[in-house]
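# Commentary on secondary and tertiary structure
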Amino acid sequence: MGKATIGDVASRAGVSKSTVSQFLNKRYQHMGQETRIKIEEAIKALDYRPNVLARGLKQKRTGAVGVIVANIMHRLSTEICRGIEDYCQEQNISVILCNSDEDGEKEKKYAEMLQTKQVDGIILLPTGKNGPLYESLAEQGYPILFMDRRVKNVKADTIVVNNREAVTRAVEHLASLGHRSIALATGPLTISTRTERTEGFRAAMSVLGLDYEICNNIINAEISLLKDRFRKRLEGPEPPTALIAGNDLVLLEALAFVKEQGLRVPEDLALVAFDNIPFAHLLTPTLTTINQPSLEMGRKAAERLITRIRSEKAPDAAEFVFECELAVRASSGQAR
């Protein structure tokens, strides 16, 4: 017996080929449960396997999307990708994952490669170093979505967290415990995430009447330079009694510095860290964190991109802002 066709399935189920096609594309709006069961049973009985390539050519879609992350080493990036993959699997969409390592050239090459492979759309955690590329993709009407980081002057769907509000809550929490000299450490201010957290920190400190400029309590530096910056700051005037780490990689440098210097947490230095730190509750003391709903963000990104891909009339570009949660644990200390 030859390979079963969509016509064979339709004949066995007693429905039209167009109805089977709607079933295969998960368009169940006008399809009764009994019809769906008949088609499912016919597919199993005939061992029918759709010709994905032919269907993709007919629909002008390949059933695959690309994801370019700026740094796969971030726990946030890993969890976002998991959320994207989970949703795409439910929709029978394949995911091609690329890691740019914060390198603009790698990001550009990956974007070109994904377009060559004719993926239906791309989710980007952008490096911020390819403005013309982002603009070109958006102007072509190519389905793209920016994740975690905003890109100025490009009309595209964007999913971010409320960074300013999140860092404000962290500052208020530390201030309520009696900390007056609070420091913030992030990577260089080359992306919106770090900029927004720094701006939110400045604003929150100003509202509370706390100084952050004279003592240089804002540290924006490459990861490799952070320990030296921590050392200089703690040896300077009015050393900070609390530190907010801008992400998980900054936190690791802070923990290494604390261990090398023999500091006690939170007695000598209270710690709060952005990102979902999986071992936060296992540290001694347990770590206060600013948690981001990364899995939900990833699912939303995939849902929005696939909706755009499948829509005959693409929706207007929109921004979706998620709120963070401050999980208070022992590392931020008790009232001083």
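The model shown is predicted, which means the values in this text are computed figures rather than measured ones. (Residues numbered from 1 in each chain as written. Predicted model: local features only at pLDDT ≥ 70, side-chain atom pairs only at ≥ 80, totals over all residues. Heavy atoms only, no water.)

## A few points about helix 12 (residues 294-310)
Given a rise of 1.5 Å per residue, 17 residues ought to cover 24 Å, and the 24 Å separating the end C-alpha atoms of helix 12 matches this to within 8%. For helix 12, every residue scored as buried is listed here: Ser294, Met297, Gly298, Ala301, Ala302, Arg304, Leu305, Ile306, Arg308 and Ile309. Each element contacted by the buried residues of helix 12 is listed here: strand 1 (64-69), helix 5 (75-90), strand 3 (122-124), strand 4 (144-147), strand 5 (157-161) and strand 11 (319-322). (Helix = DSSP H or I, 4+ residues; strand = E, 2+ residues; numbered from the N terminus. Expected span 1.5 Å × (residues − 1). Buried < 20%, exposed > 50% of the residue type's maximum accessible area, 1.4 Å probe, protein only. Contact = heavy atoms within 4.5 Å.)

## Overview of the pattern of salt bridges
A complete count under the given rule lists 17 salt bridges for this structure. As a salt-bridge pair, Arg299 and Glu90 come within 3.0 Å of each other at their nearest N and O atoms. Placement of Arg299 in helix 12 and of Glu90 in helix 5 is noted, with a sequence separation of 209 residues between them. Take Arg299: its relative accessible area is 32%, and that puts it in the partly exposed class. You can call Glu90 partly exposed: its relative accessible area is 42%. Among the salt bridges present, the one from Arg304 reaches Asp157, with a minimum N-O distance of 3.0 Å. With Arg304 in helix 12 and Asp157 in strand 5, the pair connects residues that are 147 residues apart, well separated along the chain. (Salt bridge = Lys/Arg side-chain N within 4 Å of Asp/Glu carboxyl O.)

## Re the sheet that holds strand 12 (residues 325-327)
The mixed open sheet is built from 6 strands, whose spatial order is 7-6-8-9-10-12. Each edge of the open sheet carries a strand with a single partner, namely strand 7 (218-220) and strand 12. Put simply, the sheet's adjacent strands are angled 15 degrees from each other on average, direction ignored. With 4 bridges connecting them, strand 8 (residues 242-245) and strand 9 (residues 270-274) associate as parallel partners. Residue pairing across strands places Ala242 opposite Ala270, the latter belonging to strand 9. Along the sheet face, helix 10 (residues 226-234) touches strand 6 (182-186), strand 7 and strand 8 and points at about 160 degrees away from the line of strand 7. Along the sheet face, helix 11 (residues 248-261) touches strand 6, strand 8 and strand 9 and points at about 155 degrees away from the line of strand 9. (Pairing = 2+ DSSP bridges. Axes fitted to C-alpha atoms, helices over the stretch in contact; angles between N-to-C directions.)

## Concerning the sheet that holds strand 5
The strand order across the open sheet built from 6 strands is 2-1-3-4-5-11, with neighbouring strands paired in parallel fashion. The open sheet is flanked by strand 2 (94-99) and strand 11, the only strands paired with a single partner. Along the sheet, successive strands turn relative to each other by an average axial angle of 15 degrees, direction set aside. Examined bridge by bridge, strand 1 and strand 2 share 6 bridges and lie parallel to one another. Bridging across to strand 2, Ala64 finds its partner in Ser94.

## A closer look at the pairing of strand 4
Here strand 4 shows two buried faces, one formed by Ile144 and Phe146 and the other by Leu145 and Met147. Both strand 3 and strand 4 contribute to a ladder of 3 bridges, which runs parallel. Bridge pairing links Ile122 to Ile144 in strand 4. Crossover handedness for the path strand 3 to helix 7 (residues 131-139) to strand 4: right-handed. Sheet analysis places strand 4 next to strand 5, joined by 3 bridges and oriented parallel. From the neighbouring strand, Leu145 faces strand 5, where its bridge partner is Asp157. (Right-handed = clockwise from strand over helix to strand, strands pointing away.)

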